[in-house]
Amino acid sequence: MNTHILLVDDDESLRRVTEYNLAKAGFSVKTAANGQQAIDSFQRSLPDLVVTDVELGDMSGLDLLKRFKQEAPEVP
């Protein structure tokens, strides 16, 4: 089974490069450009891991991680 990673970054270039490298390493990657997209993606399909930028356009990445930890404490 592929490890599913949710990658959140508002910098499109960095997000695309990171997505490419993770996918090349064999991971299944879903991306989000902001916090709201990440929340929607997280709720649709629970990832195995969340990687996020600290500063997103619409919210803090740290606040996003706190929210995810409340919903699914097992997801790193």
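All residue numbers refer to positions counted from 1 along the written sequence of the respective chain. Reporting in this predicted model follows two pLDDT cut-offs: at least 70 for local features of residues, and 80 or more for side-chain atom pairs to be given and counted; totals over whole chains, interfaces and linings ignore these cut-offs and use all residues. Working from all heavy atoms in the structure, the side-chain values ignore hydrogens and water.

> It is not clear to me how the overall build of the protein should be interpreted in this structure. Could you clarify?
The helix and strand labels rest on DSSP assignments: H or I over at least four residues marks a helix, E over at least two residues marks a strand, and numbering proceeds from the N terminus. Secondary structure summary: the protein contains three helices and three strands in total. For the protein, the succession of helices and strands along the chain, N to C, is β-α-β-α-β-α. Radius of gyration means the value over C-alpha atoms here, while the globule rule gives 2.2 Å times the residue count to the 0.38 power. For 76 residues, the compact-globule estimate of 2.2 N^0.38 gives 11 Å, and the protein sits close to it at 11 Å. Across the 76 residues in the protein, those meeting the buried criterion constitute 32%. Here, residues are in contact when the closest pair of their heavy atoms is within 4.5 Å. A separation of at least 24 residues holds for 65% of the contacts in the protein among residues at least 6 apart in sequence. Taken as a whole, the protein presents about 4700 Å² of accessible surface, with 51% of it coming from carbon and sulfur. Averaging the coordinates of the 8 positive side-chain charges in the protein and doing the same for the 13 negative ones gives two points 5 Å apart. Exposure categories follow from relative accessible area, calculated using a 1.4 Å probe and restricted to protein chains: below 20% of the type maximum is buried, above 50% is exposed, and the middle band is partly exposed. Per-residue and other accessible areas were derived by the Shrake-Rupley procedure at a 1.4 Å probe size, with only the shown protein chains allowed to occlude residues. Asp and Glu are treated as the negative residues and Lys and Arg as the positive ones, with His and the ends of the chain left uncounted. A charged residue contributes its charge at one atom only: NZ of Lys, CZ of Arg, CG of Asp or CD of Glu.

> How do you make sense of the sheet that holds strand S3 (residues 49-52) when you look at a structure like this?
Sheets are built from strands paired through backbone hydrogen bonds, the pairs being either parallel or antiparallel. Spatial strand order, S2-S1-S3: three strands in an open sheet with parallel pairing. On the outer flanks of this sheet lie strand S2 (28-32) and S3, each paired with one strand and no other. Taken over all neighbouring pairs, the strand axes of this sheet differ in orientation by 20 degrees on average, direction set aside. Pairing between strands is defined by DSSP: at least two bridges between them are needed. As defined by bridge partners, strand S1 (residues 4-8) adjoins S2 across five bridges and the pair is classed as parallel. Whenever a helix is involved, its axis is fitted only over the stretch in contact; in every case the axis is a line through C-alpha atoms, and angles between N-to-C directions fall within 0 to 180 degrees.

> Is there a simple way to think about the packing of aromatic side chains in this case?
The geometry of two aromatic rings is summed up by the distance between their centres and the angle between their planes. Note on aromatic pairs: the rings of Phe, Tyr and Trp (six-membered ring only in Trp) are paired at centre separations within 6.5 Å, and the planes decide the class, stacked below 30 degrees, edge-to-face beyond 60, tilted for the rest. Within this structure, the stated rule accounts for one aromatic pair. Geometrically, the ring pair formed by Phe42 and Phe68 is stacked, given 3.9 Å between the ring centres and 5 degrees between the ring planes. You can see Phe42 sitting in helix H2 (residues 35-44) and its partner Phe68 sitting in helix H3 (residues 61-71), a full 26 residues away along the chain. For the pair formed by Phe42 and Phe68, the shared burial category is buried.

Distances and angles like these do not, on their own, reveal function.
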